[in-house]
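Chain and residue survey
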Amino acid sequence: MTTLLRIDASARTEGSHSRDLGHAYEAAWRAAHPGGTVVHRDLAASAIPQITAPTIAGFYTPADAMTDELRAATALSDALIAELMGADDVLVTTPMYNFSIPAALKAWVDQIVRINATFSYDGTSFTGLVTGKRVTIAIAYGAGGYGPDGALAALDLVRPYLQTLFGFLGFTEVHVVSVEATTGDAVMLEAAMVETRRVIAAFAA
Ligand SMILES: Cc1cc2nc3c(=O)[nH]c(=O)nc-3n(C[C@H](O)[C@H](O)[C@H](O)COP(=O)(O)O)c2cc1C
């Protein structure tokens, strides 16, 4: 059975443009995959805790040396990684907050980027272990000008970060769709949303 893992990072559950794009993708994905399963991680509805010292210790402890404390500290990471590995397609919707991703999304990242689980290191190079999947990323920016030649291009730490992250994990198919100036003119924004919904829906097919 085909599975979509959808991760929403906007703190807003109403009026969120990144979630709106996610809805367009999910609707198209469901139409293209009748009988498919959608697993939804809403990071606003259910916040993911920050990793702690025992979590990190557990990440670096061999399976046969794990204690009950370390197992408990890595249980959420285990579950989130299983969710990621069980997906065929991944959808991430996120705003830009202070030029970067929301802390809610970074908390998820810190739980799922784990040595010998989602990547390996042989002393020289890294290998991503999350293979055979594709990810689609929808980003909402409040201002305009983050495009390649835009005045704010150098301030965009969202798109390059997420592209680098998913590439590091082993994804070879990474699609990024974005809408800018969500705090700007409402008419222009709606026109941009109509077009961007169409673009992101096409990636779901
Ligand atoms: C805490 C916070 C920080 C933000 N920082 C930025 C920023 O650095 N650059 C920007 O262009 N927009 C910024 N915005 C605007 C959001 O990116 C914009 O409102 C976006 O549409 C939010 O996503 P959403 O519509 O999915 O909730 C910020 C908004 C919030 C709430």
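Residues numbered from 1 in each chain as written. Predicted model: local features only at pLDDT ≥ 70, side-chain atom pairs only at ≥ 80, totals over all residues. Heavy atoms only, no water.

1. So, the overall build of the chain
Applicable threshold: In DSSP terms, a helix is any run of H or I states spanning at least four residues, a strand is any run of E spanning at least two, and both are numbered starting from the N terminus. Only the C-alpha atoms count toward the radius of gyration. The rule for a globule is 2.2 Å times the residue count to the power 0.38. Relative accessibility decides the category of a residue: with a 1.4 Å probe and only protein chains considered, values under 20% of the type maximum give buried, values over 50% give exposed, and everything between is partly exposed.
The number of helices and strands found in the chain is seven helices and seven strands. The N-to-C order of helical and strand elements in the chain reads β-α-β-α-α-α-β-α-β-β-β-α-β-α. The C-alpha atoms of the chain give 18 Å as radius of gyration, which agrees with the globular expectation for 205 residues (17 Å, within 12%). Dimensions of the chain, computed from the C-alpha atoms along their principal axes, are close to 60 × 40 × 35 Å. Out of the 205 residues belonging to the chain, those deemed buried represent 42%.

2. A short note on helix H4 (residues 75-85)
The test is simple: For this quantity, the arc is that covered by the directions from the helix axis to the C-beta atoms. Throughout, a residue-residue contact means that at least one pair of heavy atoms, one from each residue, lies within 4.5 Å.
Of the residues making up H4, those classed as buried are Ser77, Leu80, Ile81 and Leu84. End-on, the buried residues of H4 take up no more than an arc of 100°, which puts them together on one face. Here the buried face of H4 lies against strand E1 (3-8), strand E2 (37-42), helix H2 (53-59), strand E3 (89-95) and helix H5 (103-112).

3. What about the site of the ligand?
For clarity, the cut-off: One heavy atom suffices: a residue is near a molecule or strand as soon as one of its heavy atoms comes within 4 Å of it. For this analysis, a polar contact is any N or O atom pair within 3.5 Å, provided that within protein one partner can donate a hydrogen and the other can accept it, and provided that sequence-adjacent residues contribute only side-chain to side-chain pairs. Using the Shrake-Rupley algorithm and a 1.4 Å probe, accessible areas are obtained, with residue cover drawn only from the displayed protein chains.
The ligand sits among 16 residues. The nearest are Ser10, Ser16, Ser18, Tyr146 and Thr182. One nitrogen or oxygen atom from the side chain of Ser18 is found 2.5 Å from an oxygen atom belonging to the ligand. Here an oxygen atom of the ligand and a side-chain polar atom of Tyr146 are 2.7 Å apart. Coverage of the ligand by the protein chains reaches 75% of its 630 Å² of free accessible surface.

4. Details of the packing of aromatic side chains
Put simply, the test is: Here a pair means two rings of Phe, Tyr or Trp (six-membered ring of Trp) with centres within 6.5 Å. Their orientation is stacked below 30 degrees between planes, edge-to-face above 60, and tilted elsewhere.
Under the counting rule described, the total for this entry stands at six aromatic pairs. Centre to centre, the rings of Phe119 and Phe168 are 5.1 Å apart; their planes meet at 50°, and the pair counts as tilted. You can see Phe119 sitting in strand E4 (residues 119-121) and its partner Phe168 sitting in helix H6 (residues 159-169), a full 49 residues away along the chain. A relative accessible area of 9% places Phe119 in the buried class. Given the relative accessible area of 28%, Phe168 is considered partly exposed. Among the aromatic residues, those joined into a ring-pair cluster are Phe119, Tyr121, Phe126 and Phe168.

5. As for the layout of surface pockets
Using a probe with the size of a water molecule, rolled over the atoms, empty space left in the structure can be pinpointed. The condition that has to hold: Only protein atoms enter the calculation, which uses a 1 Å grid: trapped sets of points that fit a 1.4 Å probe without letting it out are cavities, open sets showing protein on both sides within 12 Å along at least five of seven lines are pockets, and any residue with an atom within 4 Å of a point is a lining residue. Grid points are joined across faces, edges and corners, and a volume is the space filled by probe spheres set on the points. When residues are grouped by polarity, Ala, Val, Leu, Ile, Met, Phe, Trp, Tyr, Cys and Pro land in nonpolar, Asp, Glu, Lys and Arg in charged, and all others, Gly among them, in polar.
Of the pockets and cavities examined, the largest pocket occupies roughly 190 Å³. In terms of residue class, the lining of the largest pocket is made up of seven nonpolar, four polar and three charged. Computed from the structure, the second largest pocket encloses a volume of approximately 150 Å³. Lining of the second largest pocket is provided by Ser10, Arg12, Ser16, His17, Ser18, Pro95, Met96, Tyr97, Ala140, Tyr141, Gly142 and Thr182. Here the residues of the lining of the second largest pocket are counted per class, giving five nonpolar, six polar and one charged.

6. Details of the side chain of Thr55
By secondary structure assignment, the location of Thr55 is in helix H2. The residues touching Thr55, leaving out its near neighbours within four places in the chain, are Ala73, Thr74 and Gln111.

7. Some points on the nonpolar core
Our working rule: In this description, a nonpolar core means a group of buried Ala, Val, Leu, Ile, Met, Phe, Trp, Tyr and Cys residues linked to one another through side-chain atoms lying within 4.5 Å.
Core analysis: the largest hydrophobic core is formed by 31 residues, its most contacted members being Val90, Leu105, Trp108 and Phe166. For this core, the secondary-structure elements that each account for two or more residues are E1, H4, E3, H5, strand E6 (134-140) and H6. Among the elements that line this core, the one with the most residues is H5, at five residues. Each residue touching Phe166, except ones within four places of it in the same chain, is listed here: Val92, Trp108, Val135, Ile137, Phe171 and Val174.

8. Thoughts on the pattern of salt bridges
Rules: Salt bridge criterion: a side-chain nitrogen from Lys or Arg within 4 Å of a carboxyl oxygen from Asp or Glu.
Applying the stated criterion across every chain yields a total of 13 salt bridges. The partner of Asp110 in a salt bridge is Lys106, and the shortest N-O contact between them spans 3.0 Å. Of this pair, Asp110 and Lys106 are both found in helix H5, four residues apart, which corresponds to roughly one turn of the helix. Accessibility expressed as a relative area gives 33% for Lys106, which makes it partly exposed. As a salt-bridge pair, Arg198 and Glu195 come within 2.6 Å of each other at their nearest N and O atoms.

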